[in-house]
Amino acid sequence: MKTKVAFFVTFLLLSQQWGHAQDADRTAEAAGQEFLLRAAEYAEYQIEATDRLSNQRLDWTLPDGSQASVALDGIGRIKEFRSGGSSVAVTADVFELAEELFYASFSLDDGRRALTLVADRENGRLMKIESRRPDPGEGTHMAQVSVSQGLLNNADGEVESLSVTDKMAGVRLTAHYADEIAYEHIYLNAQRVTWHGVTGPEAGFADTEVYDSYEVRDGVFLISWSEKVLTTHMIFLFDFNTGHEIGTIFGYEPEYDRAVLETIGATIDLVQGPVSY
């Protein structure tokens, strides 16, 4: 009889723990959904868009020989994306995070895809990050990501491709997006980062993600990860020389059938780590 009672008590305790874990997962998911709903608020400390590329084109060639370009209007916004002989009208502000280092994101295919461009005219290099919502038959809810690098057509000679770097391992920083929105990033090693909501819609919540990192220039790092809980891809371009960040939130809310694409910006405080310039 004692054995049965002990087993029953253990079963109840495990059931309660499982229930608490499920509640925590649901709460974290709800916080994540609020984060997507409020994504536009993550731009209070964003640097201003630039008009330095007004009425110009950015053309690039990928390693496979394919070419693409964007055309900009009279106030410096991207108005057209051209690839493979076809063109599509888009709209995107352009940001100059450092001298001759430009950043922009725009949506394609009714929000199913997005392209983020990092154009380094000083070094003749372009990085293209594609974020894609998974198709129903892919068996995953996570955003799909691909990174390619090309040569800007105004570049002289060959440009060395960037490799994934491990220099962010050990870095700890706080990113301030608005007066009431801040996150802590703890780069545990070369593959995993823990983010922690300090203030804002995800305050008190944290998770650990698998990330990729590229050193675009000395002290400038491109970080990318796809969230586990939601269909969300995060991109950050950190400039530790100036303490600024520009980035992108690409996401999808199935409950509302709503695509999310927001350019975000922050001031960053480097708390610790080997990144120092």
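Notes on the structure in this doc start here.

Cut-off values and rules
Residues numbered from 1 in each chain as written. Predicted model: local features only at pLDDT ≥ 70, side-chain atom pairs only at ≥ 80, totals over all residues. Heavy atoms only, no water. Phe/Tyr/Trp six-rings, centres within 6.5 Å; stacked < 30°, edge-to-face > 60°. Helix = DSSP H or I, 4+ residues; strand = E, 2+ residues; numbered from the N terminus. Buried < 20%, exposed > 50% of the residue type's maximum accessible area, 1.4 Å probe, protein only. Pairing = 2+ DSSP bridges. Axes fitted to C-alpha atoms, helices over the stretch in contact; angles between N-to-C directions. Polar contact = N/O pair within 3.5 Å; in protein donor to acceptor, adjacent residues only side chain to side chain. Contact = heavy atoms within 4.5 Å. Salt bridge = Lys/Arg side-chain N within 4 Å of Asp/Glu carboxyl O. Core = buried A, V, L, I, M, F, W, Y, C linked by side-chain atoms within 4.5 Å.

## Points about the packing of aromatic side chains
1) Next: Evaluation of the coordinates by the stated rule reveals eleven aromatic pairs.
2) Next: Their ring planes at 65° and their centres at 6.1 Å tell us that phenylalanine 221 and phenylalanine 240 sit as a pair that is edge-to-face. Taken together, the positions of phenylalanine 221 in strand E14 (residues 220-226) and phenylalanine 240 in the loop between strand E15 (231-239) and strand E16 (244-253) put the pair 19 residues apart, joining distant regions of the chain. For the pair formed by phenylalanine 221 and phenylalanine 240, the shared burial category is buried.
3) Next: Between phenylalanine 238 and phenylalanine 240 the ring centres are 5.8 Å apart and the planes differ by 35°, which places this aromatic pair in the tilted class.

## Notes on the sheet that holds strand E10 (residues 172-178)
1) Next: Taken in spatial order, the eight strands of this closed barrel run E10-E11-E12-E13-E14-E15-E16-E17, and their pairing is antiparallel. Sheet twist, expressed as the mean angle between neighbouring strand axes with direction ignored, is 30°.
2) Next: Taken together, the six bridges between strand E13 (residues 206-217) and E14 define a ladder with antiparallel strand orientation. Across the sheet, the residue bridging to serine 213 is isoleucine 223, located in E14.

## Topic: the side chain of glutamate 245
1) Next: Within the secondary structure, glutamate 245 is located in strand E16.
2) Next: Of the polar contacts made by the side chain of glutamate 245, one reaches the side chain of tyrosine 177; its length is 2.9 Å.
3) Next: Apart from residues lying up to four places away in sequence, glutamate 245 is in contact with Leu97, Ala175, Tyr177, Phe236, Leu237, Phe238, Ile264, Gly265, Ala266 and Ile268.

## Overview of unusual backbone geometry
1) Next: A positive phi is found at aspartate 109, a non-glycine position, where the angle reads about 55°.
2) Next: When you line up the elements, aspartate 109 lands in the loop between strand E6 (101-108) and strand E7 (113-120).
3) Next: Even without glycine at this site, aspartate 110 takes up a positive phi of about 55°.
4) Next: Looking at the element boundaries, aspartate 110 is found in the loop between E6 and E7.
5) Next: The class for aspartate 110 is exposed, based on a relative accessible area of 79%.

## Topic: the pairing of strand E17 (residues 258-272)
1) Next: Relative to E17, E10 runs antiparallel, the two being bridged by five bridges. From the neighbouring strand, leucine 173 faces E17, where its bridge partner is leucine 270.
2) Next: As paired elements, E16 and E17 share ten bridges and run antiparallel to each other. Of the residues in E17, the one forming a bridge with tyrosine 252 is alanine 259.
3) Next: Linking E16 to E17, which pair antiparallel, is a turn of four residues; within it aspartate 257 sits at a positive phi near 50°.

## Brief notes about the pattern of salt bridges
1) Next: Scanning all chains against the criterion turns up 18 salt bridges.
2) Next: One salt bridge in this structure joins arginine 57 and aspartate 59, with 4.0 Å as the shortest N-O distance.
3) Next: Among the salt bridges present, the one from aspartate 120 reaches arginine 217, with a minimum N-O distance of 2.7 Å. Here aspartate 120, found in strand E7, pairs with arginine 217, found in strand E13; they are 97 residues apart in sequence, far enough to count as distant.
4) Next: In this structure arginine 217 comes out as buried when scored by relative accessible area, which is 13%.
5) Next: One network of salt bridges, in which partners are shared, links Arg52, Glu96, Glu99, Glu100 and Arg121.

## What about the sheet that holds E7?
Within a sheet, each strand pairs with its neighbour through backbone hydrogen bonds, oriented either parallel or antiparallel.
1) Next: Taken in spatial order, the nine strands of this open sheet run E4-E3-E2-E1-E9-E8-E7-E6-E5, and their pairing is antiparallel. With partners counted over all chains shown, the strands left at the sheet margins are strand E4 (86-92) and strand E5 (95-98), one partner each. Each neighbouring strand pair of the sheet contributes to a mean axis angle of 30°, computed without reference to strand direction.

## A look at the nonpolar core
1) Next: Counting 26 residues, the largest nonpolar core has Met168, Leu173, Tyr177, Tyr187, Ile223 and Trp225 as its most contacted members.
2) Next: Of all the secondary-structure elements, those providing two or more residues to this core are E10, strand E11 (181-187), strand E12 (192-199), E14, E15 and E17.
3) Next: With 21 residues, the next largest nonpolar core counts Ala92, Val94, Phe102 and Leu152 among its residues.

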